[in-house]
Each structure stands twice: as C-alpha cells, then as structure tokens.
Amino acid sequence: MKILVCISKTPDTTAKIAFTENNTKFATDGVQWIINPYDEWYALVKAIELKEKDPSTVIHLITVGGADAEPIIRKALALGGDEAIRVNTDSSDSFTIASQIAAVAKEGGYDLVFTGKETIDYNGSAIGGMVAELLDLPYVSLATKFELNGTTATINREIEGGEEVAEAGLPLVISCQKGMAEQRIPNMKGIMGARTKPLKVVEPVQVEALTKIVSFELPPAKAGVKLVPADQPEELVRLLHEEAKLF
Amino acid sequence: MSVLVYIDQADGHIKKSSFEAASYAAKVAGQTGTTAEAIVLGKVSDDLTSLGRYGISKVHHVADDQLNTMDSKLYTNAIVQAVESTGAEIVVLSHNVNGKAIAPRLSARLKAGMVPGAVSLPDTSAGFVVKKGVFSGKAFANISLQTSKKIISLTPNAFTPVQQEGTAEVVPFNATIVAPAVKVTATNKVKGEVPLSEAELVISGGRGLKGPENWGMIEELAHLLGAATACSRAVADAHWRPHHEHVGQTGGSIAPNLYFAVGISGAIQHLAGVNRSKVIVVINKDPEAPFFKAADYGIVGDAFEVMPKIIDAVKKLKGV
Ligand SMILES: Cc1cc2nc3c(=O)[nH]c(=O)nc-3n(C[C@H](O)[C@H](O)[C@H](O)COP(=O)(O)OP(=O)(O)OC[C@H]3O[C@@H](n4cnc5c(N)ncnc54)[C@H](O)[C@@H]3O)c2cc1C
C-alpha cells in the first residue's frame with residue numbers, strides 16, 4: 001500500500017501574529033515554524049501506525065513550498081515516512097497547492113492521501129476536498145478514526161453533536177483530526193535516519209490561482225474585563241441577563 | 001445569474017447554520033442585484049417554503065434517498081447540476097462539518113475561488129473581497145475572489161439571520177445521482193445535548209475543576225441555560241471529557257454568543273479556538289490567569305464556591 005501524507009509548515013502556536021507592508025504580509029521575524037499540528041499528530045502518525053501493522057506500506061510526504069520548508073519536512077521524516085517530495089513553488093492559494101498535490105498523487109498511484117483537518121494559519125479545511133475532486137476520488141473529512149480491513153476502510157467522521165461511521169473502498173482522500181492517532185515525539189534514531197531519507201524536489205505544474213489575500217487585520221482590542229466580587233456571583237448572572245442580554 | 005445556497009440538513013431538519021447561510025445568500029443577492037435560490041438534498045421533514053422568510057425565492061429539492069446521508073462526491077455532483085441549471089455565479093454554504101467537505105470540491109470542480117469560513121458580507125466596492133478568520137482566530141484576512149464563479153462558506157454563528165415575510169416556491173430538481181462511494185453505516189449522537197458547533201451559549205471547564213467527577217456543576221449550568229459543554233485540551237487529553245468537547249487551536253473553533261470558562265487558564269492555544277465568542281466570562285482563582293485579558297466579565301474566585309451560587313441565581317431567574 002502507498003500513502004501520501006500532506007505536510008504544511010505553520011507558525012508555532014505561540015507565535016506573535018503581526019503584519020507588515022501595510023498589513024499585506026505576515027511578519028515572520030522571530031517566528032518559529034512547526035509542522036501543522038493536524039498534519040503531524042494525526043495524518044502522519046496515522047500513516048505510521050498503518051505501516052507498523054503492514055510493513056510493506058510505503059509512506060511519502062509531500063509539501064508545497066520553498067526551500068525554507070525543508071527543515072519542517074525533515075522533522076516530519078524523523079517521525080516516519082520513507083521519502084519526501086517538495087513541490088518547489090511558493091503559494092498562498094489553496095487551489096494552487098491542491099493542484100500540485102493532485103499532480104504528484106496522480107503520478108504516484110497512492111491508495112490513501114491524508115491531510116490534516118486544516119492548517120492553523122489559513123484555517124481553510126480546503127486542500128483534502130480539492131485534491132479529492134481533482135483526482136475524482138471519494139473524500140471523508142474531519143476523520144476521528146480510521147481502520148483498514150483489506151481494501152475497505154472504516155472511518156469515523158465528526159458531525160454536529162456526534163460522529164458518523166462510514167465505509168469506503170480505496171483509493172481515498174481523508175482529512176484527519178483529533179482521535180485519529182496519538183501525538184508522538186521523534187527519537188534519536190528517527191532524527192538521524194531522517195537526514196539520509198530521500199527528499200525529492202519537483203517543479204510545479206502550471207495553475208492559475210483562484211484567490212488572492214489582499215490584506216490582513218487584527219481583531220479589535222477588548223474593552224477590558226468587568227470583574228465581579230467573588231462573594232456576589234448573583235451580580236454576574238444579573239449582568240449577563242440584563243446588560244449582555246444573553247439569556 | 002443568481003446566488004445559490006446549499007441548505008444542509010440532518011435527520012430531515014434544516015440546520016441552524018443553514019438558515020444563517022440562506023439569509024447571507026439573500027443579502028449577497030441583494031448586493032449583486034439578483035435573487036437567491038436554494039438547493040436541498042435528501043429527504044426533509046421541515047417545511048421548505050419557510051426558507052422564504054430568510055429571503056430565498058425558490059428551493060430546488062432533490063428528494064433522492066441516496067442523498068439522505070452526506071457523500072461529498074454525490075453532493076458536489078448534485079449541487080454542480082443545480083449551479084448549471086440556475087446559472088448561479090455565487091454558491092453559499094455553511095462552513096460546518098458538511099460544508100467543509102463539499103465547498104472545496106465545488107471550488108475545484110467549478111474553478112471557482114473560495115472563501116472558507118467567511119465572517120462578513122462581501123465588499124464589492126473594488127472587486128469581490130470577503131473577510132475570513134485566519135491564524136486560528138487571532139486575525140482576519142481579506143480574500144479577493146478573482147473568478148467569475150465564487151464559493152463562500154460562512155462561519156457558523158458569525159452572521160445573524162434576518163427574518164422577513166415570505167414563502168419560497170419549492171420545486172423538485174432532477175439531478176443525476178450515482179451510488180455513493182462512501183456508505184454511512186452508523187450515526188453516534190450524544191443524546192439530548194446541544195451540538196457545540198451550533199450552540200449560542202457554551203459552558204466550558206478546565207483542569208481547575210480537578211477531575212471528571214466535578215463536571216456536575218458545568219452540566220447543570222449548561223442544562224439550565226440550554227448551553228453546550230466544552231473543555232480545554234488538558235481536560236480532553238486526561239480523558240475527563242470526550243474529545244469532541246475540546247476547543248482551541250487544535251480542537252474545535254467556536255464563536256458562540258457566550259463562552260463561560262471555569263478553571264481554564266486561557267493559554268494562547270485555547271484562546272485561539274474561542275476568542276471570536278461575543279461575550280467571554282472567566283471564573284478562575286488566579287487573578288493573573290491570562291484568560292482575564294480576553295474576558296468581558298470575570299470572577300476571581302474558587303469555582304467550587306462560586307459555581308453553586310451562580311447556578312442558584314440562574315435557577316431563581318428562570319423560576320425553577
Ligand atoms: C501545539 C499546542 C496546541 C495546543 N492546542 C490546545 C487547544 O486546542 N486547546 C487547549 O485548550 N489547549 C491547547 N494547548 C494546551 C495549552 O497550552 C494549555 O496547556 C491548556 O489549554 C491548559 O488547560 P487548562 O487551562 O484546563 O489547564 P491549566 O493550564 O492547568 O489551568 C487550570 C486553571 O484553573 C485555575 N484553577 C485551579 N483551581 C481552580 C479553582 N478551584 N477554581 C477556579 N480556578 C481554578 C488555575 O488558576 C488555572 O488558571 C496546546 C498546546 C500546544 C503546545
């Protein structure tokens with residue numbers, strides 16, 4: 001079996017969010033970069049679990065980005081995966097990214113394509129669905145559990161107020177979230193091994209972007225907290241009822 | 001040319017987030033000088049003419065039983081057929097669990113620029129620009145859609161639906177449907193609970209509550225207010241509460257009218273999932289807890305002393 005895991009580079013969860021160039025660019029000064037947590041903790045670890053069950057499984061990682069994404073993909077390789085592919089294009093448009101992944105996936109003949117549920121910077125939840133459409137494959141989004149029995153997959157996915165269990169044959173595209181797998185820490189052997197795993201750089205296919213980010217803005221500052229004394233909790237209830245009119 | 005809104009349903013009932021999407025679509029239609037029509041898939045028990053109250057003129061209904069559960073491919077095919085037959089240029093959906101599966105497929109199929117998770121109406125003064133949340137609630141981005149066809153998926157609870165007089169005309173729509181590749185075999189719903197993603201009021205607990213046995217007060221307050229319950233990652237990781245209650249940067253992202261946080265420190269990753277809430281209330285015994293900086297109301301105090309009194313006051317207010 002062949003699995004393609006999509007890996008994105010995102011700012012660390014504690015990174016300061018600020019913008020430059022008249023609010024058109026994210027201020028990257030001093031920002032630490034990490035593997036998008038959904039890609040790492042759930043998509044990648046799930047693929048690794050599948051390989052542990054069936055060692056003949058081949059895992060390829062793919063990232064779409066410039067050379068500055070390589071440390072991130074090496075970090076991912078330290079957790080697991082056999083080789084990585086970087087599509088050499090800088091991109092901020094989901095359709096462009098998905099088209100690159102779909103082009104590689106088509107060539108590679110994968111049984112499974114895993115993505116994270118969304119990136120923690122763009123929050124699009126778009127790549128998996130677009131890749132599936134471009135490949136004309138079934139897509140199960142927001143998966144919390146995935147089991148494989150031969151070539152039939154059983155997938156739990158989030159719905160409002162619960163979960164849905166579904167069955168589908170391979171090939172399949174899945175977006176992964178909490179529940180799929182447990183976060184792992186790379187060990188020394190993994191980190192050493194990652195240095196020599198192949199990292200292939202491929203040139204992008206030509207695609208027209210469908211969207212463009214014109215500017216960023218920060219949310220308006222909060223007015224400040226109104227503190228109610230601890231011995232008068234009923235006053236808080238009154239404020240929520242009469243002032244904020246919440247109930 | 002019209003605006004087409006996809007109306008999502010569960011068990012035959014239209015979801016609240018879809019009424020928001022319908023009303024949003026009607027407003028966009030008004031902005032662009034056209035009308036808003038809707039597409040509904042699968043069996044429904046709700047009265048579809050009532051979508052007229054949200055500004056929808058016509059509802060196209062595909063009552064095929066194969067569409068009673070969501071398969072993103074089938075749904076996309078049906079919606080694309082409706083787009084073709086209505087000549088719609090703009091498709092609106094809710095950015096809910098199903099919208100997240102369907103919208104990107106539609107975008108790729110129609111080569112239509114998409115704004116996933118819109119939070120306000122388009123700005124059409126120069127081009128077509130829609131605001132969405134980015135950096136997990138820490139910022140917004142204005143996205144320009146450069147294609148003639150456009151997809152907007154609307155963040156739940158970000159747009160207040162406007163109701164008016166009116167009934168929509170409901171017409172059957174004959175879409176070609178093939179067998180689904182993804183077959184739903186079971187649905188496990190937490191009974192009697194308000195789904196977190198749709199909730200207007202949310203009561204949430206953190207590690208400060210010491211253990212799962214102390215969640216009675218969170219549940220009681222939620223029950224009294226008709227609120228959903230949520231928790232911090234630390235709590236879900238400790239298996240005190242189910243995973244689906246985990247909110248934050250790596251859990252659910254919510255924007256309720258009230259987020260009521262008890263014994264949660266307010267770590268930056270937690271705030272990322274909840275800071276779009278309209279009103280934030282924090283109960284924490286530590287006056288230095290970072291959550292107070294993001295709060296509208298707060299009590300510095302011990303949850304175990306404060307919460308029972310809050311519950312009593314709410315009971316008195318509700319007359320129970
Ligand atoms: C990459 C990454 C992603 C993360 N994603 C998320 C996420 O999505 N969501 C999330 O929640 N966290 C996330 N975290 C974890 C986050 O950093 C915090 O560790 C977590 O939110 C802490 O949970 P907590 O506030 O419940 O617990 P604690 O930090 O232990 O805080 C407990 C709070 O309760 C208060 N308290 C204690 N006793 C009482 C009492 N009797 N009465 C009142 N108050 C009391 C304390 O003063 C304290 O403020 C993430 C971390 C990382 C590194």
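Everything numeric here is computed off the predicted structure, so don't read it as measured data.

### Observations concerning the site of the ligand
Looking at the ligand, there are 28 residues lining it, with B:Ser232, B:Thr250, B:Gln269, B:His270 and B:Asn284 nearest. Each of chains A and B places residues near the ligand. Taking B:Ser265, its main chain carries an N or O atom lying 2.8 Å from an oxygen atom of the ligand. Note that an oxygen atom of the ligand is positioned 2.7 Å from one of the side-chain N or O atoms of B:Asn284. Among the secondary structure elements, those contributing two or more residues to the shell around the ligand are helix H5 (233–237), helix H6 (268–274) and helix H8 (303–318) of chain B. Split into classes, the residues belonging to the shell around the ligand amount to 7 nonpolar, 15 polar and 6 charged.

### Digging into the interface of chain A and chain B
At the junction of the two partners, chain A supplies 76 residues and chain B supplies 91 residues. Buried surface at the junction of chain A and chain B, summed over both partners, amounts to about 7,000 Å²; 60% is from carbon and sulfur atoms. For the pair chain A and chain B, the number of links is 7 salt bridges. The salt bridge partner of B:Lys131 is A:Glu217, with a shortest N-O separation of 2.8 Å. One can count 40 residue pairs in polar contact (both at pLDDT 80 or more) joining chain A with chain B. Put simply, the parts of the chain that give the side of chain A that touches chain B at least two residues each are helix H1 (37–53), helix H4 (127–135), strand E9 (139–149), strand E10 (152–159), strand E11 (162–169), strand E14 (211–217), strand E15 (226–227) and helix H6 (233–243) of chain A. For the side of chain A that touches chain B, the class distribution of residues is 42 nonpolar, 16 polar and 18 charged. Pairing geometry for E11(A) and strand E12 (residues 182–189) of chain B, over 7 bridges, is antiparallel. Note on E12(B): the bridge partner recorded for A:Ala168 is B:Val182.

### Considering the UniProt feature "domain: Electron transfer flavoprotein alpha/beta-subunit N-terminal" (unreviewed entry) in chain A
Residues given the UniProt feature "domain: Electron transfer flavoprotein alpha/beta-subunit N-terminal" (unreviewed entry) here are residues 23–211 of chain A. Helix makes up 31% of residues 23–211 of chain A and strand makes up 31%, while its end C-alpha atoms are separated by 17 Å.

### As for the sheet that holds strand E12 (residues 172–176) of chain A
Taking strand neighbours across the sheet as the criterion, the 10 strands line up as E13(A)-E7(A)-E6(A)-E1(A)-E8(A)-E12(A)-E9(A)-E10(A)-E11(A)-E12(B) in an open arrangement whose pairing is mixed. At either end of the open sheet lies a strand with only one pairing partner, and these are strand E13 (199–202) of chain A together with E12 of chain B. Across the sheet, the mean angle from the axis of one strand to that of its neighbour is 30 degrees, orientation sign disregarded. In this sheet, E13(A) lies alongside strand E7 (residues 83–87) of chain A in parallel orientation, the contact comprising 4 bridges. Paired with A:Ala84 across the bridge in E13(A) is A:Leu199. Across the sheet, H1(A) lies against strand E1 (2–6), strand E6 (58–64), strand E8 (112–116), E9 and E12 of chain A, angled at about 150 degrees from E8(A), the strand it touches most. Where helix H3 (residues 97–110) of chain B meets the sheet, its contacts fall on E9 and E10 of chain A, and the angle it forms with E9(A) comes to roughly 95 degrees.

### Remarks on helix H3 (residues 94–108) of chain A
Over its 15 residues, H3(A) extends 21 Å from the first C-alpha to the last, a length consistent with the 21 Å expected when each residue adds 1.5 Å. In terms of burial, H3(A) is largely enclosed, as 11 of its 15 residues are buried. Within H3(A) the residues assigned to the buried category are A:Ser94, A:Phe95, A:Thr96, A:Ala98, A:Ser99, A:Gln100, A:Ile101, A:Ala102, A:Val104, A:Ala105 and A:Gly108. Where the residues of H3(A) are buried, they touch E1, E6, E7, H4 and E13 of chain A together with H3 of chain B. A:Gly109 lies just past H3(A) and shows a positive phi near 60 degrees.

### Some points on a nonpolar patch on the surface
Residue and element names in this part refer to chain A. Residues Met188, Ile191 and Met192 make up a contiguous nonpolar surface patch of about 280 Å² in total accessible area. Among the secondary structure elements, Ile191 is positioned in helix H5 (residues 188–194). Since its relative accessible area comes to 32%, Ile191 is described here as partly exposed.

### Thoughts on the packing of H4(A) against H3(B)
H3(B) packs onto H4(A) with a crossing angle of 45 degrees between their chain directions and a minimal axis gap of 7 Å. Judged on the interaxial angle alone, H3(B) and H4(A) are oblique. At the point where H4(A) passes H3(B), the crossing takes the right-handed sense. Residues A:Gly129, A:Met130, A:Ala132, A:Glu133 and A:Leu134 of H4(A) form the contact with H3(B), whose participating residues are B:Pro104, B:Arg105, B:Ser107, B:Ala108 and B:Arg109. Here the residues of the contact of H4(A) with H3(B) are counted per class, giving 5 nonpolar, 2 polar and 3 charged.

What counts and what doesn't
- Here the residue numbers are simple positions, counted from 1 along each chain's written sequence.
- Following the order in which they are written, the chains are lettered starting with A and the ligands numbered starting with 1.
- Only residues with pLDDT of 70 or above have their local features reported here, since the model is predicted, and side-chain atom pairs are shown and tallied only from 80 upward, although totals for entire chains, interfaces and linings are computed over all residues.
- Calculated side-chain values reflect all of the structure's heavy atoms, with hydrogen atoms and water omitted.
- Only a single heavy atom is needed: when it lies within 4 Å of a molecule or strand, its residue is near that molecule or strand.
- Counting of polar contacts relies on pairs of N or O atoms within 3.5 Å, with two restrictions inside protein: one atom must be capable of donating a hydrogen and the other of accepting it, and residues adjacent in sequence are counted only when both atoms are side-chain atoms.
- Starting at the N terminus, helices and strands are each numbered in turn, a helix being any DSSP run of H or I of at least four residues and a strand any DSSP run of E of at least two.
- Ten residues, namely Ala, Val, Leu, Ile, Met, Phe, Trp, Tyr, Cys and Pro, are considered nonpolar, four, namely Asp, Glu, Lys and Arg, are considered charged, and the remaining ones, Gly among them, are considered polar.
- Residues count as neighbours in contact if any of their non-hydrogen atoms are within 4.5 Å of one another.
- Throughout, buried area stands for the accessible area (probe radius 1.4 Å) lost by two parts on being put together, summed over both.
- Here, a salt bridge means any side-chain nitrogen of Lys or Arg that lies within 4 Å of a carboxyl oxygen of Asp or Glu.
- At least two DSSP bridges between two strands are required for those strands to pair.
- UniProt positions are given in the numbering used here, feature names are shortened, and annotations may be inferred rather than shown by experiment.
- Here an angle of 0 to 180 degrees is reported between the N-to-C directions of two axes, which are lines fitted to C-alpha atoms, with helices fitted over the stretch in contact.
- Take the number of residues in a helix, subtract one, and multiply by 1.5 Å to get its expected span.
- Exposure categories follow from relative accessible area, calculated using a 1.4 Å probe and restricted to protein chains: below 20% of the type maximum is buried, above 50% is exposed, and the middle band is partly exposed.
- In this analysis, a patch consists of residues with relative accessible area above 30% that form no salt bridge, clustered at 9 Å for like charges and at 5 Å for the nonpolar side chains Val, Leu, Ile, Met, Phe, Trp and Tyr.
- Using a 1.4 Å probe, the Shrake-Rupley method yields the accessible areas, and only the shown protein chains count as cover for residues.
- Orientation labels follow simple angle bins: below 35 degrees gives roughly parallel, above 145 gives roughly antiparallel, 65 to 115 gives roughly perpendicular, and whatever is left gives oblique.
- For a crossing to be left-handed, the near helix must be turned anticlockwise from the far one by less than a right angle; the clockwise case is right-handed.

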